[in-house]
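Residue-level structure breakdown
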Amino acid sequence: MTDRDSNSLSPTTPTTGIAVEVHDLTVAYHRKPVLWDVDVSFPVGSLAAIVGPNGAGKSTLLKSILGLLPIASGRVEVFGKSLSQVRDLVAYVPQRESVDWEFPVSVFDVVLMGRYGRLGWFRRPAKADRDAAAAALHSVGMSDFRDRQISQLSGGQQQRVFLARALAQDATLYLMDEPFAGVDAATEQSILEVLRALQQQGRTVIAVHHDLQTVRSYFDFVAMLNLHLVAAGPIETAFSADNLKRTYGGRLTLLDEVTEAVRRGGTLPRSP
Amino acid sequence: MNDFLRLITLQDANTRTVLLGTGSLGLAAGVIGALAVLRRRALVGDALAHAALPGVCVAFLVFRERSLPLFLLGALVFGVLGVLTMNAIRRFTRIKEDAAIAIVLGSFFGLGIMLSGMIQRLPSGNRAGLDSFLFGKAAGMVHADLLISAAACILALLGVAALYKELKLVGFDREFAGSLGWPVGFLDLTLMALLAIVTVVGLPAVGVVLMAALLIIPGVTAKFWTDRLAPHLALAGLFGMLSGLLGSALSAVLPSPNSSMSRGFPTGPLIVLVAGTLFVGSLLFAPRRGLVARWRTARLLQQHIDDEHLLRDLYELQEAGTPASLSTLAERRTWRTGSLHAALRRALTNADVTDRNAVITLTASGLTRAVRVIRSHRLWELYLHEHAGVAPDHVDRDADLIEHFITPNLLAKFEAQLALGDADPLRTGAALGVPLSLHPPGENAR
């Protein structure tokens, strides 16, 4: 799983400092805020988890970093630059359910899509791209499935294909939306190995994660989210019982009540 | 018959024009429609086509002449207006897409029917030829119309060829495409524009009512034949082209349904009927994905399972020293009606069993096969029990479902994993080298 060339990071890629800086970010769907005033920095080389209850805005945070959603206010910087300047350094693994797996493409076709970002308009993938895709498929142990139609895959295999597509991007920052969701134990371990290999090569991984039991053993950095940022930092300090309680509820704070009011909608004060 | 001969030998210049027009239209509609179906935008074509009708009427009312370019322009303007309305409804209300499509499609179409009724009453109204926009009349195509239609179709196909990679990416995974920096909205809009162009030029030949069917059916039909995008699009184009050609050919030879309509049967229904026939044919007879092929596969599998059950039952009866007859076999498990008889017949034909005085006995070859079946069954049981943590009393039922799928290759792997050596308890002590079951003989009977 670690046969990717660890020297493949380009010399201009930063190896220290901040990978992603989210500054006072507020995102709204139909004027209803789904993330407000989120202020968080992910250090370069971290293997970071974003945790929080359902509807806390975890996926929204990832998509905002990727520029997929309109930002109401605030800004996002990747390696100290705006996303459009460093887009080739960023890879994304969306949620498995976000696509139609009946789409008429093969496993290899999907992995090859990881190369489309650097291809540009009208250009077709070249041999180098095919080789990179084949290597990525190999590193997630899915080479035997290369010509399968994607609907014939199990959930865990689908997740590996998505991971391979991101690996084919050969990026420096990996943003993953629930890479462990709905996979079997063996796949979970092999995905974890891939993530750790990425980290050892100096790459940064930020993953939305839903299993609180494994946060501590899988990750070294955590951002805890519930519409607003509850805490962020190294696992040892940030992933505390107190912060968990504040993220997932329990005692109702005034902030939680506001959160609830926003969720229900309609009760927001209207401007005259 | 004479008409038909003239038609297929393409003697008539007008026939050539019509066939070229409907053929190229079908090709483009098949390809673009297939992409729209994959992008889940198929019904946008339906809304667009229906919404285009008032545009044709307004074009006639404004310019007071029958001119295809002007009609198509009107159709395009109103079609796009309809789609924009639909998007606005979806965006600013909680109304879902299907309802939004129905609202727009119905209202615009109703307006179009009302306007065309008004035009028919005008002194110049008959010359408008609006009736052909309802159900299509390819026979009305003249050479200039053909040029417009063919040019639009070639443009649309070139668009798809140039943007193949991009459309594939956005079609499969919109968010990922966005994360790579591709302008997803623009690409979607491009596909919709191509869809709008093909839809609008298809209206004179196919009509507003059925245009969506020509867009949707070929793409869905292609799905029965392939699971790769490029052949999928090529086949959709082929099916669309065949529909266009055969449908318009049929309309030329069929008599007109009523005398008030000008010469020829409306083309739209015939084109769509051809497309529908190709769909039904594929649904039934396509290799592997067609219903017949799938039914055959399921039947063969069921027969295979019945055959193995029979062999196993015969062996176990023999093991217990009970003579096997039809009635003892029938008691051992629930056979579907006639399936025991059929399995016995196959076994007799195969010379796996003999039937002497209603006593059924395994032959030498039957015994070899039975041993293999039983070995699969018992190894799988053992594997489930030892490695998959299935409780012994659950083992037999699970083994029964899976064992028929165990290939010799898998069997070898089981043996390796279960580390069966010479001191193998499953091998030693068993009659004829057949492994012992986890269960005493006869317990498998249900």
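Look up a bit, the structure's there.
Heads up: these notes are all about the structure in this document. (Residues numbered from 1 in each chain as written. Chains lettered and ligands numbered in written order. Predicted model: local features only at pLDDT ≥ 70, side-chain atom pairs only at ≥ 80, totals over all residues. Heavy atoms only, no water.)

Here we come to the overall build of chain A. Scanning chain A for helices and strands turns up eleven helices and nine strands. Across the 272 residues in chain A, those meeting the buried criterion constitute 53%. Across chain A, every contact between residues at least 6 apart in sequence was considered, and the portion connecting residues at least 24 apart equals 71%. Per element, the accessible surface of chain A, about 12000 Å² overall, is 50% carbon and sulfur. (Helix = DSSP H or I, 4+ residues; strand = E, 2+ residues; numbered from the N terminus. Buried < 20%, exposed > 50% of the residue type's maximum accessible area, 1.4 Å probe, protein only. Contact = heavy atoms within 4.5 Å. Areas by Shrake-Rupley, 256 points an atom, 1.4 Å probe, with all protein chains shown as cover.)

Counting residues at the interface gives 35 residues for chain A, matched by 29 residues for chain B. Surface buried jointly by chain A and chain B totals about 2900 Å² across both partners, of which 64% is contributed by carbon and sulfur atoms. Remark: the boundary between chain A and chain B carries five salt bridges. Among the ionic pairs, K63(A) bridges to E175(B), the shortest N-O distance being 2.8 Å. Inspection of the chain A/chain B interface yields 13 residue pairs in polar contact (both at pLDDT 80 or more). Looking at the side of chain A that touches chain B, the elements that each hand over two or more residues are helix 3 (107–112), helix 4 (116–119) and helix 6 (155–168) of chain A. With three residues, helix 4 of chain A is the single largest residue contributor to the side of chain A that touches chain B. (Buried area = accessible area lost by both parts, 1.4 Å probe. Salt bridge = Lys/Arg side-chain N within 4 Å of Asp/Glu carboxyl O. Polar contact = N/O pair within 3.5 Å; in protein donor to acceptor, adjacent residues only side chain to side chain.)

As a further point, take the pattern of salt bridges. Pairs can form between side chains of opposite charge once their charged atoms are near each other. Residues and elements named next belong to chain B. Per the stated rule, a full pass over the model turns up 23 salt bridges over all chains. As a salt-bridge pair, D313 and R332 come within 3.4 Å of each other at their nearest N and O atoms. Placement of D313 in helix 14 (residues 291–319) and of R332 in helix 15 (residues 326–332) is noted, with a sequence separation of 19 residues between them. For R332, a relative accessible area of 11% corresponds to the buried category. Among the ionic contacts, a cluster of salt bridges with common partners joins R312, D313, E316, R332 and R333.

What follows covers the sheet that holds strand 3 (residues 47–51) of chain A. All names here are of chain A. The strand order across the open sheet built from six strands is 5-6-7-3-8-9, with neighbouring strands paired in mixed fashion. Looking at the sheet topology across the chains shown, the edges are occupied by strand 5 (90–93) and strand 9 (228–234). Here the average twist between neighbouring strands, direction ignored, is 15 degrees. Sheet analysis places strand 3 next to strand 8 (residues 221–226), joined by four bridges and oriented parallel. The residue of strand 8 that forms the bridge with A48 is F221. Contacts from helix 1 (residues 58–65) reach strand 3, strand 5, strand 6 (173–177), strand 7 (204–208) and strand 8 within the one sheet, and its direction differs from that of strand 6 by about 145 degrees. Against the sheet, helix 10 (residues 241–248) engages strand 3, strand 8 and strand 9, with an angle of about 35 degrees to strand 8. (Pairing = 2+ DSSP bridges. Axes fitted to C-alpha atoms, helices over the stretch in contact; angles between N-to-C directions.)

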